[in-house]
Amino acid sequence: MKDLSYRTPESYLEAKDYSLQNPESFWAEIAKNFEWYSPWNKVLKYDFLKPEIKWFLGGKLNITENCLDRHLITHPDQTAIIFEPNDPKDKAQYITYKELHSRVCQAANMLKANGAKKGDRICLYMPMVPELAIAVLACARIGAIHSAVFAGFSATALAARINDAECSIVLTADGGYRGNKTTPLKEITDEALAHCTSVKRTIVLQHTGLKVQWNKMDLWWHDEIAKVNDDCAAEIMDSEDPLFILYTSGSTGKPKGMVHTCGGYMVYTAYSFQNVFQYQKGDVYWCTADIGWITGHSYIVYGPLAVGATTLMFEGVPSYPDFGRFWEVCAKHKVNQFYTAPTAIRALQKHPVTLVDKHDLSSLKVLGSVGEPINEEAWHWYDDHVGKNNCPIVDTWWQTETGGILISSLAGVTPQKPTYATLPMPGIQAVLLDNEGNEIESSAEGILAIKYPWPSIARTIWGDHERYKNVYFSAYPGYYFPGDGALRDGDGNYRITGRVDDVVIVSGHNLGTAPIENALNEHQLVVESAVVGFPHDVKGNALHAFVITNAAIDNPDILVAELRELVAKTIGPIAKPDRIQVVSGLPKTRSGKIMRRILRKLAAREYDNLGDVSTLLNPEVIEEIKQNS
Ligand code: WT7
């Protein structure tokens, strides 16, 4: 495959110009570098008002042919996946393209033997082991739609996702390791499946050796895989057939199953991967995300494999066995591109810098950041101590919904600016809007919006196109509205300032406040609650929950512990509020709407800056909240 990246500022500028003048030919030129069984007959059809977005219409492909088969001709023996286990005492694994192809085909046959076919939904609730990447690709091989659920989610959250997509098969493991903890994934799956009727089979990977309960529809992965060979022709997919569903939390109600399709997603993830990270043949690339999130889908599995890269998968955590683990792994595998989250950097920054310095990081060429705004201090620590002021840092802004990176510098090719994601990629038309939805020019602060589609935009919300329209295309008709605010400097660089809706990014995880409130309200003592984010030095944001109870509370500590547990059980431990405050009332407008703006200020303890509270229905609660916060 041709190198998709612009390696010089000139070629970048030329591409950018061309993409604005001729967006369709721009994307068609890029798409030509992939293997298609038959080409598209129309590049793009879209209507943001409807909304409807289709790319490479009529094109036929299978993304796994592009991620695997074609590399067998050029570099079958190159390592595709390096697997670094949780425990450094365990052996790393090196899986070549040839072996990966064979294992994916085998797993695909295992799925088929268990009744899976094109269009079926398959839930992956697995630890960060090679079999997870293999499962993703095996689904794609046969045209089944994978729905990966992060292995930190609770049984309730898992069940909700299985039910929403009506999955017929669940792939899981006995357990997964995270530092010195083991998560009983099979047990959690069993608990979830008690509330699901669509699932016909559970296939269980033996990984930790944890003892598991065995049910009628359970099968061991190793038994099933032993029954099949590795000969599996790829299913011919339409460009617009769904490739996967991935859930992301919304500001209201249940999680949104974002649907990504085959053709556009393939083209965009490969294009953005190669350009942003400036990956070169032979490099070792490591993204520390989990495949349960979009970052893992796009930039551990699909993007890197589509361009034939070597991608590293890590099962562990940055703090185990010590806070130098990331750097130890970088040194051990001579990592060239390293991609992580600001929250991890901030956590590591608190520990002695000798934990970084004692490892040889001379292989590093590019550093990346994703998931939330990176603050100045973290940026410089990353630059000084990890990059030794010698590695460009790409601050990549994007979302589950966008499928790939939309705003970022291209490492070493375009200028970086600390705390700024910088410029939209060629092919991305970003704008700033004022509250009325008018585009604002030059340097300003406003609402970020995108005014032209790109190939990897999610096409719908599974089973709820109306919600897709309402959330992303209705607030500012004619634009895609991501829900973030941004600042733009005189050179056109964007700095993302944070969410403008009721989503809070905690440790890089996107959490809607509504589902957390719903969980809190389940407690028999809670009548009403409101959850807001407040600045936190490691997590970026943490959650502050205000709860109104229906009786006097003798021991608030017990209630707080129960509420935290309830949230962990309903959503997952990542959603547990840092602070839970019992209050007698919430600040409300006369029409009864909770004033979240004021709650955010109270949670941030910005008391001087509350604005006019005299129009509230119950201004007296403000004093009370301040007093006992
Ligand atoms: C939200 C999307 C994209 C993969 C991980 C998160 C925030 C993401 C940045 C960045 C500032 C960022 C935004 C966005 N975000 N990257 N580089 N700078 N904010 O995916 O869970 O869908 O969350 O994460 O608020 O809307 P996600």
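Residues numbered from 1 in each chain as written. Predicted model: local features only at pLDDT ≥ 70, side-chain atom pairs only at ≥ 80, totals over all residues. Heavy atoms only, no water.

**Let's talk about the overall build of the chain**
Right, on to step 1. Check the secondary structure of the chain and you find 19 helices and 31 strands.
Right, on to step 2. Here the chain has a C-alpha radius of gyration of 24 Å; the compact-globule value for 629 residues is 25 Å, and the two agree.
Right, on to step 3. For the chain, the spread of C-alpha atoms along the principal axes amounts to about 75 × 60 × 55 Å.
Right, on to step 4. For the chain, the proportion of its 629 residues judged to be buried stands at 61%.
Right, on to step 5. Taking contacts inside the chain between residues at least 6 apart in sequence as the whole, the part at least 24 apart equals 71%. (Helix = DSSP H or I, 4+ residues; strand = E, 2+ residues; numbered from the N terminus. Rg over C-alpha atoms; globule rule 2.2 N^0.38 Å. Buried < 20%, exposed > 50% of the residue type's maximum accessible area, 1.4 Å probe, protein only. Contact = heavy atoms within 4.5 Å.)

**Quick notes on the site of the ligand**
Right, on to step 1. Around the ligand sit 18 residues, and of these Asp 395, Thr 396, Thr 400, Asp 484 and Arg 499 come closest.
Right, on to step 2. Within the backbone of Thr 396, an N or O atom sits 2.8 Å from a nitrogen atom of the ligand.
Right, on to step 3. Class assignment for the residues of the shell around the ligand results in 7 nonpolar, 6 polar and 5 charged. (Near = heavy atom within 4 Å. Polar contact = N/O pair within 3.5 Å; in protein donor to acceptor, adjacent residues only side chain to side chain. Nonpolar A, V, L, I, M, F, W, Y, C, P; charged D, E, K, R; others polar.)

**What to know about the pattern of salt bridges**
Right, on to step 1. This structure, assessed with the given rule, holds 37 salt bridges.
Right, on to step 2. Here Lys 50 ties to Glu 52 by a salt bridge, and the two come within 3.8 Å at their closest N and O atoms.
Right, on to step 3. Take Glu 52: its relative accessible area is 18%, and that puts it in the buried class.
Right, on to step 4. Between Glu 99 and Arg 103 there is a salt bridge, and its shortest N-O distance comes to 3.4 Å. Placement of the pair is Glu 99 and Arg 103 together in helix H4 (residues 97-113), with a separation of 4 residues, close to one helical turn.
Right, on to step 5. Here the salt bridges do not stand alone but share partners, grouping Lys 45, Lys 50, Glu 52 and Lys 54 into one network. (Salt bridge = Lys/Arg side-chain N within 4 Å of Asp/Glu carboxyl O.)

**Details of the pairing of strand E29 (residues 526-536)**
Here is the key point about a regular strand: its side chains alternate between the two faces of the sheet.
Right, on to step 1. Where E29 meets strand E30 (residues 540-549), 10 bridges bridge the pair, whose relative direction is antiparallel. Among the inter-strand pairings, Val 526 is bridged to a residue of E30, identified as Thr 549.
Right, on to step 2. Here E29 folds back onto E30, and the loop between the two strands holds 3 residues. (Pairing = 2+ DSSP bridges.)

**Re helix H9 (residues 262-277)**
Right, on to step 1. With 16 residues, H9 extends 23 Å from end C-alpha to end C-alpha; this agrees with the ideal 22 Å at 1.5 Å per step.
Right, on to step 2. Counting buried residues along H9, 16 of its 16 residues qualify, which places the element largely inside the surrounding structure.
Right, on to step 3. One or two positions beyond H9, positive phi appears at Gln 278, with a value near 50°. (Expected span 1.5 Å × (residues − 1).)

**A few points about the pairing of strand E16 (residues 284-287)**
Right, on to step 1. The two faces of E16 match: Val 284 and Trp 286 on one face and Tyr 285 and Cys 287 on the other face are all buried.
Right, on to step 2. With 3 bridges joining them, E16 and strand E17 (residues 310-314) adopt parallel strand pairing. Bridge pairing in E17 links Val 284 to Thr 310.

**Some remarks on the environment of Glu 624**
Right, on to step 1. With respect to the secondary-structure elements, Glu 624 resides in helix H19 (residues 620-627).
Right, on to step 2. In sequence terms Glu 624 and His 359 are 265 residues apart; their C-alpha atoms lie 52 Å from each other.
Right, on to step 3. Ignoring anything within four residues of it in the chain, the contact list for Glu 624 reads Val 582, Val 583 and Ser 584.

**What to know about the nonpolar core**
Right, on to step 1. By size, the foremost hydrophobic cluster in this structure holds 163 residues, and its most contacted members are Leu 100, Leu 171 and Tyr 302.
Right, on to step 2. Beyond its immediate stretch of four places on either side in the chain, Tyr 302 contacts Ile 63, Cys 67, Val 136, Leu 137, Ala 140, His 146, Leu 243, Phe 244, Tyr 265, Thr 269 and His 297.
Right, on to step 3. Listed in part, the 26 residues of the second largest apolar core include Phe 338, Leu 364, Leu 367 and Ile 393. (Core = buried A, V, L, I, M, F, W, Y, C linked by side-chain atoms within 4.5 Å.)

**Some points on the packing of helix H18 (residues 596-603) against H19**
A pair of packed helices can be characterised by two numbers: the angle between their axes and the separation between those axes.
Right, on to step 1. Contact geometry for H18 and H19: axes closest at 10 Å, N-to-C directions at 25°. Judged by the angle between their axes, H18 and H19 are roughly parallel. When you trace H18 past H19, the crossing you get is right-handed. Of the residues in H19, those in contact with Ile 598, Leu 599 and Leu 602 of H18 are Ile 622, Ile 625 and Lys 626.
Right, on to step 2. Its residues assigned to classes, the contact of H18 with H19 comprises 5 nonpolar, no polar and 1 charged. (Axes fitted to C-alpha atoms, helices over the stretch in contact; angles between N-to-C directions. Parallel < 35°, antiparallel > 145°, perpendicular 65-115°, else oblique. Left-handed = near helix turned anticlockwise from the far one by under 90°.)

**What about helix H2 (residues 23-31)?**
Right, on to step 1. Those residues of H2 that sit buried are Pro 23, Phe 26, Trp 27, Ala 28, Ile 30 and Ala 31.
Right, on to step 2. Of the surrounding elements, those touching the buried residues of H2 are helix H1 (9-21), strand E1 (42-47), strand E2 (52-57) and H9.

**Section: the domain arrangement of the chain**
Right, on to step 1. Partitioning the chain into domains gives domain 1 (1-54 + 262-432 + 454-478), domain 2 (63-235) and domain 3 (504-628).
Right, on to step 2. Placing the centre of domain 1 and that of domain 3 at their C-alpha centroids yields a distance of 34 Å.
Right, on to step 3. Of the residues lining the interface, 7 residues belong to domain 1; the matching set on domain 3 comes to 9 residues.
Right, on to step 4. Taking both partners together, domain 1 and domain 3 bury about 680 Å²; carbon and sulfur atoms supply 54% of that area.
Right, on to step 5. By the criterion of area lost to domain 3, the three top residues of domain 1 are Trp 293, Thr 343 and Arg 346, representing 51% of everything that side buries.
Right, on to step 6. Here domain 1 is connected to domain 3 by 1 salt bridge.
Right, on to step 7. Notably, a salt bridge pairs Asp 537 with Lys 350, separated by 2.8 Å at the nearest N-O pair.
Right, on to step 8. Between domain 1 and domain 3 we count 4 residue pairs in polar contact (both at pLDDT 80 or more) in total. (Domains from an automatic or database assignment. Buried area = accessible area lost by both parts, 1.4 Å probe.)

**Looking at the sheet that holds strand E20 (residues 393-396)**
Right, on to step 1. Spatial ordering of the open sheet is given by E5-E4-E17-E16-E18-E19-E20, a layout of 7 strands whose pairing is mixed. Of all strands in the sheet, those with a lone pairing partner are strand E5 (93-96) and E20, marking the two edges. Strand after strand, the sheet turns through a mean of 20° between neighbouring axes, direction not considered.

**Here's the deal with the state of the cysteines**
Right, on to step 1. Throughout the structure, instances matching the rule amount to 0 disulfides.
Right, on to step 2. Free cysteine: Cys 262, not disulfide-bonded; nearest cysteine sulfur from Cys 67 at 11 Å.
Right, on to step 3. Under the relative-accessibility criterion, Cys 262 is labelled buried at 2%.
Right, on to step 4. With no disulfide of its own, Cys 391 lies closest to Cys 330 among cysteine sulfurs, the gap being 9.9 Å. (Disulfide = S-S within 2.5 Å.)

**Structural notes on the sheet that holds strand E22 (residues 439-440)**
Right, on to step 1. Taken in spatial order, the 5 strands make up an open sheet running E22-E21-E23-E25-E26, and their pairing is antiparallel. Of all the strands in the sheet, the pair left with one neighbour each is E22 and strand E26 (494-499).

**Details of unusual backbone geometry**
Right, on to step 1. Note that the residue after Lys 50, namely Pro 51, is joined by a cis bond; omega there is -15°.
Right, on to step 2. Inspection of the secondary structure assignment puts Pro 51 in the loop between E1 and E2.
Right, on to step 3. The amide bond that connects Tyr 320 to the next residue, Pro 321, takes the cis arrangement and shows omega of -5°.
Right, on to step 4. Mapped onto the elements, Pro 321 comes out in the loop between E17 and helix H11 (325-333).
Right, on to step 5. Its identity is not glycine, yet Lys 334 carries a phi of approximately 50°, on the positive side.

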